[in-house]
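One letter stands for each residue in the lines below.
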Amino acid sequence: MRLTKSLPNFMMLTPFMLLFGAFFLYPILSGFGYSFFDWDGIHEPAFVGLKNYEMILNARSSRIAATNLLTYVMITVPLGVSVAFGLALLVDHFQGFWARFFRSVYFVPVVMPLFLAATIWRWIYAPNFGVLNLILGWFGFENVRFLTDPDVMLYSLIGVDVWVSAGFNMVILLAGLKDIPRHYYEAARLDGANKLQEIRYVTLPMIRPVMIFVVTYSFISALQVFDIPWLLTGSSFLDYGGRRDALLFPVMDMMGRGFGRLGFGQAAAYGFLLTLVIVAITATIFAFQRKKENG
Amino acid sequence: MSSLEITNAHKNYGAVEVLKDICLDVSSGEFVVFVGPSGCGKSTLLRMIAGLEEISGGEIRLDGQVINDTDPARRGVAMVFQSYALYPHMTVAENMGFTLKLSRAPKREITEKVDQAARILQLEKLLDRKPGQLSGGQKQRVAIGRAIVREPKVFLFDEPLSNLDAELRIQMRAELALLHKRLGSTMIYVTHDQVEAMTLADKMVVMNGGVIQQVGRPLDLYDDPDNMFVAGFVGTPRMNFLEAEVAGLNAGTVEARLSGSDSGLRFAHGGAGLSVGQKVTLGIRPEHIALSDHGGSATFPLSIGFVEELGESTCVHGEIPGGARVTVLSHGARFADDRQVHTCFDPAKVLVFDQQGRRVRSG
Amino acid sequence: MSIALLPRMSRITPWSVAKWTLAICIAIVAAFPIWWMFNVVFADPGQPVSLNPRLYPTSFSSGISNIQRVLTETGYLRAYYVSVAYTILTIAGVLLVSSMAAFEFALFDFPGKRILFAVVMLSLMVPMAATLIPTYLLVARLGWLNTMQGLVLPGLASAFGLFMLTQFMKSIPREMLEAARLDGASHFQLYWHVALPLSRTALVTLAILTFMKTWGNFIWPLVVSQKPEMFTVSQVVSLFNSPLSHTTVDVVMTANLLAAVPPLIFFLIFQRRIVEGIASTGSKG
């Protein structure tokens with residue numbers, strides 16, 4: 001009786017739920033299944049148990065990718081968020097037209113698709129004739145091999161990354177700043193706080209929830225980094241990760257195993273492991289936040 | 001002929017019963033007002049008639065047809081909502097004609113009916129505006145216009161004036177009364193404002209706690225309430241209630257002693273249903289108490305607490321011996337605070353209620 | 001007007017000088033790469049970089065001929081069509097499918113509602129990496145590789161879009177829907193005539209965000225479109241990038257510039273909506 005009454009509701013839900021089931025739920029479950037098979041996508045899959053997981057965990061490339069990722073995340077997330085927060089504070093100190101002007105200019109890189117940002121920077125970073133080396137040359141610096149020197153490559157990537165993401169996080173933080181009621185600042189000023197103390201004792205505590213969102217979001221996207229390092233290096237399934245795999249990251253490794261070496265079972269296992277790590281980290285951040293709020 | 005009949009209707013949300021055993025007849029062309037405090041179930045009852053709430057039990061008939069399970073759009077009712085519920089993305093004309101558009105009426109018919117309703121409500125000049133550009137009173141008129149276009153058997157109004165300011169409310173009240181006269185259709189109106197109810201209703205339905213307390217013409221309810229709730233709810237300032245004990249029964253009069261004092265009060269009552277020593281509550285309206293400077297028999301001294309001077313009338317609040325608070329409405333006289341005056345209760349206007357709050361009628 | 005826009009000169013302090021210098025320097029860093037891309041396109045390719053470091057545009061005609069060359073001599077124009085179709089179909093699909101579902105989740109009660117919504121919301125936590133390979137395998141099995149449906153359909157059930165529209169539609173007054181029901185609107189008509197028009201702002205915001213995400217999507221087309229006929233703009237740009245392609249910088253930057261035009265135009269028109277849309281995702285998350 002109640003179900004027939006809800007028929008119109010279900011009919012409206014059907015398109016979304018069908019697509020969601022087919023292209024989200026089913027892939028997740030089937031991917032978990034594939035992860036126990038050796039499969040090249042052409043021949044019959046062969047059950048191999050946990051061998052895929054073993055291979056991934058023991059492979060040199062995945063260890064390099066994991067190390068790279070760890071270094072990358074530890075630098076790019078705090079740096080990117082700090083830069084974004086600095087930008088937000090800066091823009092917040094302008095009013096009217098100029099506030100909007102600087103906000104827009106800082107936001108422009110966000111509008112660029114990642115593949116575009118990567119390609120532009122690839123050429124800016126180019127050796128000898130690249131405009132960055134050219135400018136460094138004016139100041140008497142040596143030519144830097146941004147994309148081929150394994151000690152520099154990671155930082156080149158982080159540069160692009162911050163350039164792209166700072167505006168995005170800035171806009172969110174700026175909205176958070178605007179939501180802080182003015183009278184807190186007025187009260188702080190009456191209590192004799194200077195500008196730095198205002199930031200320390202009013203802005204930071206008040207913006208905490210927004211900050212947590214920004215950090216969490218940056219974390220999740222940094223863990224899945226793919227487009228930019230892919231395009232800064234070889235840009236194909238046969239050649240990626242750059243010299244000495246200095247820009248090899250897990251999603252790239254997964255893609256390479258899947259499509260470059262036709263190991264879809266391994267790739268599925270890789271995806272599952274990555275998901276575990278990312279969900280675990282997200283859950284930890286949330287749990288940590290809860291605990292802090294309650295305690 | 002009865003156009004709307006409700007028999008033994010009740011409504012519960014899970015274990016909570018919000019309407020209990022509602023029986024009501026509404027005649028064709030009648031203006032019926034459901035009135036009561038918030039949460040009394042009046043809106044729920046209206047929404048059950050509209051078909052927006054399911055009926056848990058009982059029957060609702062419209063023109064003899066049971067409409068319990070009829071789709072709201074096919075019941076032949078139209079509703080004016082408290083928030084107006086005008087579609088903000090449509091013009092006034094589109095708002096009013098939306099129902100016809102949905103039923104695929106020809107364009108010409110839509111324009112005709114919308115124009116006609118607009119004429120009745122003097123909305124002709126506003127037809128191309130969007131609701132956002134209208135004042136509260138104009139929005140209200142459009143909402144009524146939308147109902148008129150549907151040519152319903154019954155108009156339903158859910159607190160339609162409560163979002164308007166006081167002056168506009170009085171004006172719209174008059175317009176609604178005129179509209180009812182002009183259209184002659186059945187209207188059911190929900191409000192928590194008893195003044196609105198008194199002024200508009202042919203038939204007033206006072207509700208409390210999911211139960212109909214009394215149904216009748218406004219003045220009948222005012223003069224002859226069935227219970228303390230109706231007596232207290234209808235009329236401003238509120239009726240005075242005094243705790244008392246029956247002291248003596250004579251032919252045609254009853255003597256009562258007010259609790260907490262030696263003062264006695266004699267009033268007209270047949271005595272039926274009363275016995276000596278019985279605890280009762282006496283009710284008397286503020287305008288049925290006279291004030292004078294001199295004491296005398298059957299008067300109580302009143303120590304004035306504060307005075308509200310409204311110009312054409314003066315409302316005096318104070319205490320009589322025994323500590324009961326009394327409000328007196330007097331016309332013309334001026335009184336200073338902190339003065340002692342004497343009150344004289346009109347013995348013909350005293351109502352008696354028993355311990356359960358039920359009226360004990362004269363007999 | 002212009003006077004009002006100038007900073008008040010009377011208040012020059014070391015702090016304000018520092019503030020303005022910093023703001024302008026960062027603005028240059030933010031805008032320079034895009035400016036530089038533009039200059040490379042509109043520069044005579046014959047001039048060596050050492051003489052003309054492409055700090056400003058120098059040759060309008062070479063820019064035009066660059067654009068002509070990229071559009072006629074490479075598969076770029078075709079890729080552009082594919083990208084436009086992919087983007088438009090995705091936007092239309094996401095808006096339709098998620099607004100229909102959001103309408104139900106926001107405004108009605110039905111058995112299983114809470115569980116369904118919770119499952120969809122949980123999916124927001126699952127990274128793209130988890131579904132990419134198995135979704136590819138599914139699309140391959142359906143025979144949809146190198147097809148438009150293979151490109152578009154898997155991206156339509158947007159949990160983010162559903163969440164955003166549900167939040168928005170919750171603010172639609174119940175009385176509005178009841179009025180429409182009394183006016184004789186069917187369930188679908190409530191959605192079409194009342195809920196959709198009332199959600200216009202949210203729909204526009206979602207459309208813009210979906211546009212930016214789809215136009216810039218790199219990894220999914222990379223996986224699904226393997227034949228040159230179905231390449232998207234992002235793939236052509238990436239092909240130009242690969243070491244074997246021997247494409248010169250002016251061609252690459254021309255392709256880039258053309259790919260940047262739609263998002264830039266969108267940004268200029270919908271700047272406020274985009275910024276507010278992104279800002280609101282922060283406060284809701």
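Residues numbered from 1 in each chain as written. Chains lettered and ligands numbered in written order. Predicted model: local features only at pLDDT ≥ 70, side-chain atom pairs only at ≥ 80, totals over all residues. Heavy atoms only, no water.

If you check an unreviewed UniProt entry, chain B appears there as Sn-glycerol-3-phosphate ABC transporter ATP-binding protein UgpC from Paracoccus methylarcula.

Within an unreviewed UniProt entry, the label attached to chain A reads Sugar ABC transporter permease, and the organism entered is Paracoccus methylarcula. Annotation of chain A in UniProt includes, under Sequence similarities (unreviewed entry), the sentence "Belongs to the binding-protein-dependent transport system permease family." In the Subcellular location (unreviewed entry) part of its UniProt record, chain A is described as follows: "Cell membrane". (UniProt positions renumbered as here; feature names shortened; annotations may be inferred.)

Draft legend 1. View of the overall build of chain B. The helix and strand tally for chain B stands at eight helices and 20 strands. Taken along the three principal axes of its C-alpha coordinates, chain B extends 80 × 45 × 35 Å. Accessible surface, chain B as shown: approximately 16500 Å² in total, 47% of it carbon and sulfur. Seen as two clouds, the 39 positive and the 44 negative side-chain charges of chain B have centres 6 Å apart. (Helix = DSSP H or I, 4+ residues; strand = E, 2+ residues; numbered from the N terminus. Areas by Shrake-Rupley, 256 points an atom, 1.4 Å probe, with all protein chains shown as cover. Lys, Arg positive; Asp, Glu negative; His and termini not counted. Charge placed at Lys NZ, Arg CZ, Asp CG, Glu CD.)

Draft legend 2. The arrangement of the UniProt feature "domain: ABC transmembrane type-1" (unreviewed entry) in chain A in detail. Per the UniProt annotation, the sites labelled "domain: ABC transmembrane type-1" (unreviewed entry) are residues 66-285 of chain A. In residues 66-285 of chain A, the share of helix is 75% and the share of strand is 0%. The end C-alpha atoms are 20 Å apart.

Draft legend 3. Spotlight on the domain arrangement of chain B. Residues and elements named next belong to chain B. We note that the domain assignment places domain 1 (2-233) and domain 2 (240-353) within chain B. Each of domain 1 and domain 2 has a C-alpha centre, and these two points are 40 Å apart. Counting residues at the interface gives seven residues for domain 1, matched by six residues for domain 2. Between domain 1 and domain 2, the buried area comes to about 630 Å², and carbon and sulfur atoms account for 63% of it. Among the residues domain 1 hides against domain 2, the three largest losses belong to Y222, M228 and A231. Together they make up 76% of the total. Viewed at the interface, domain 2 and domain 1 are joined by zero salt bridges. (Domains from an automatic or database assignment. Contact = heavy atoms within 4.5 Å. Buried area = accessible area lost by both parts, 1.4 Å probe. Salt bridge = Lys/Arg side-chain N within 4 Å of Asp/Glu carboxyl O.)

Draft legend 4. Geometry of the packing of helix α4 (residues 60-92) of chain A against helix α11 (residues 208-223) of chain A. Residues and elements named next belong to chain A. Contact geometry for α4 and α11: axes closest at 10 Å, N-to-C directions at 145 degrees. Here α4 runs over α11; the crossing is right-handed. For the pair α4 and α11, contact is made by L69, Y72, V73, T76, V77, V81 and F85 and by M211, V214, V215, S218, F219, A222 and L223, respectively. Its residues assigned to classes, the contact of α4 with α11 comprises twelve nonpolar, two polar and no charged. (Axes fitted to C-alpha atoms, helices over the stretch in contact; angles between N-to-C directions. Left-handed = near helix turned anticlockwise from the far one by under 90°. Nonpolar A, V, L, I, M, F, W, Y, C, P; charged D, E, K, R; others polar.)

Draft legend 5. Examining the sheet that holds strand β16 (residues 299-309) of chain B more closely. Residues and elements named next belong to chain B. The strand order across the open sheet built from five strands is β15-β19-β16-β17-β18, with neighbouring strands paired in antiparallel fashion. The open sheet has two edge strands, β15 (289-292) and β18 (325-330), and neither has a second partner. Ignoring strand direction, the axes of neighbouring strands in this sheet form an average angle of 45 degrees. (Pairing = 2+ DSSP bridges.)

Draft legend 6. Local environment of the sheet that holds strand β3 (residues 31-35) of chain B. Residues and elements named next belong to chain B. Pairing is mixed in the open sheet, where six strands are placed in the order β6-β7-β8-β3-β9-β10. Strand pairing shows two members of the sheet lacking a second neighbour, β6 (77-80) and β10 (211-216), which therefore form its edges. Averaged over all pairs of adjacent strands, the angle between their axes in this sheet comes to 20 degrees, without regard to strand direction. Judged from the five bridges that link them, strand β7 (residues 154-158) and strand β8 (residues 186-191) form a sheet pairing that is parallel. Counterpart to L156 in the pairing with β8 is I188. Relative to the sheet, helix α4 (residues 136-149) contacts β6 and β7, its axis offset from that of β6 by approximately 175 degrees. Helix-sheet contacts for helix α5 (residues 166-183) involve β3, β7 and β8, and the interaxial angle to β8 is about 160 degrees.

Draft legend 7. Looking closely at the interface of chain A and chain C. Taken together, the contact between chain A and chain C spans 83 residues of the former and 96 residues of the latter. Taken together, the two surfaces of chain A and chain C that pack against each other cover about 8000 Å², and 82% of this comes from carbon and sulfur. Among the residues chain A hides against chain C, the three largest losses belong to M12, F16 and F23 of chain A. Together they make up 10% of the total. The interface formed by chain A and chain C holds zero salt bridges in total.

Draft legend 8. The interface of chain B and chain C, seen in detail. In this complex, chain B contributes 25 residues to the contact, which on the side of chain C involves 15 residues. When the buried area of chain B at its contact with chain C is split by residue, Y87, H89 and L102 of chain B rank highest and sum to 30% of it. Along the contact surface separating chain B from chain C lie two salt bridges. Between R47 of chain B and E178 of chain C there is a salt bridge, and its shortest N-O distance comes to 2.5 Å. Run the count over chain B and chain C and you get seven residue pairs in polar contact (both at pLDDT 80 or more). Of all the elements in the fold, those that place two or more residues in the side of chain B that touches chain C are α1 (42-50), β6 and α2 (92-102) of chain B. (Polar contact = N/O pair within 3.5 Å; in protein donor to acceptor, adjacent residues only side chain to side chain.)

Draft legend 9. Main features of the UniProt feature "transmembrane region" (unreviewed entry) in chain A. Following the UniProt record, one finds the feature "transmembrane region" (unreviewed entry) at residues 12-37, 69-91, 97-116, 153-177, 210-232 and 267-288 of chain A. Taken as a whole, residues 210-232 of chain A contains 87% helix and 0% strand, while its terminal C-alpha atoms sit 31 Å from one another.

Draft legend 10. Local environment of the environment of L96 of chain C. Residue and element names in this part refer to chain C. Of note, L96 is situated in helix α4 (residues 76-107). The class for L96 is partly exposed, based on a relative accessible area of 42%. Separated by 118 residues in sequence, L96 and T214 have C-alpha atoms that sit 16 Å apart. (Buried < 20%, exposed > 50% of the residue type's maximum accessible area, 1.4 Å probe, protein only.)

Draft legend 11. Structural context of the environment of T314 of chain B. All names here are of chain B. Considering the arrangement of structural elements, one finds T314 in strand β17 (residues 314-319). On the accessibility criterion, T314 (0% relative accessible area) is buried. Sequence separation of T314 and P225 is 89 residues, and the distance between their C-alpha atoms is 25 Å.

Draft legend 12. The nonpolar core, seen in detail. By size, the foremost hydrophobic cluster in this structure holds 229 residues, and its most contacted members are Y72, Y106 and M255 of chain A together with F34 and I188 of chain B. Once residues lying within four places of it in the same chain are set aside, the contact partners of F34 of chain B are L24, K42, L45, L46, I49, I188, Y189, V190, T191, V205 and M207 of chain B. (Core = buried A, V, L, I, M, F, W, Y, C linked by side-chain atoms within 4.5 Å.)

Draft legend 13. Molecular detail of the packing of helix α3 (residues 107-120) of chain B against α4 of chain B. All names here are of chain B. Running from amino to carboxyl end, α3 crosses α4 at an angle of 135 degrees, the nearest separation of the two axes being 9 Å. As far as their axial angle goes, α4 and α3 are oblique. Considering how the two elements wind past one another, α3 and α4 form a crossing that is right-handed. Seen from α3, the contacting residues are K113, V114, A117 and I120; seen from α4, they are G145, I148 and V149. Considering only residue class, the contact of α3 with α4 consists of five nonpolar, one polar and one charged. (Parallel < 35°, antiparallel > 145°, perpendicular 65-115°, else oblique.)

Draft legend 14. A look at the pairing of β8 of chain B. Residue and element names in this part refer to chain B. With six of six residues buried, β8 lies mostly within the body of the structure. Residues of β8 alternate between two faces, with T186, I188 and V190 on one and M187, Y189 and T191 on the opposite face, all of them buried. The sheet contact formed by β3 and β8 spans five bridges and is parallel. In the strand pairing of β8, F34 is matched with V190.

Draft legend 15. Structural view of the packing of aromatic side chains. Residues and elements named next belong to chain A. A complete count under the given rule lists 57 aromatic pairs over all chains for this structure. Ring centres of F32 and F272 lie 4.6 Å apart, and the angle between their planes is 45 degrees; on these two criteria the pair is classed as tilted. With F32 in helix α2 (residues 7-34) and F272 in helix α14 (residues 264-294), this residue pair connects regions lying 240 residues apart in the sequence. On the accessibility criterion, F32 (36% relative accessible area) is partly exposed. (Phe/Tyr/Trp six-rings, centres within 6.5 Å; stacked < 30°, edge-to-face > 60°.)

Draft legend 16. Local environment of the pattern of salt bridges. In the structure shown here, the tally under the stated rule is 24 salt bridges over all chains. The partner of R47 of chain B in a salt bridge is E53 of chain B, and the shortest N-O contact between them spans 3.1 Å. Taking relative accessible area as the criterion, R47 of chain B reaches 16% and is therefore assigned buried. A salt bridge links D224 of chain B to R361 of chain B; the shortest N-O distance between them is 3.0 Å. Separated by 137 residues along the polypeptide, D224 of chain B in the loop between α7 (218-223) and α8 (228-233) and R361 of chain B in the segment after β20 (351-353) bring together distant segments of the chain. In this structure R361 of chain B comes out as partly exposed when scored by relative accessible area, which is 36%. Salt bridges sharing common partners tie together K11, R47 and E53 of chain B together with E178 of chain C.

Draft legend 17. Fine view of the pairing of strand β12 (residues 253-258) of chain B. Residue and element names in this part refer to chain B. Along β12, the buried face is formed by V254, A256 and L258; none of T253, E255 and R257, which line the opposite face, is buried. Relative to β12, strand β11 (residues 240-249) is paired through five bridges, and the arrangement is antiparallel. Across the sheet, the residue bridging to A244 is L258, located in β12. Counting the residues that bridge the hairpin from β11 to β12 gives three residues, and of these G252 lies at a positive phi of roughly 80 degrees. Both β12 and strand β13 (residues 264-268) contribute to a ladder of five bridges, which runs antiparallel. Note that in β13 the partner of T253 across the bridge is A268. Here β12 folds back onto β13 in antiparallel fashion, the turn holding five residues, of which G260 has a positive phi close to 80 degrees.

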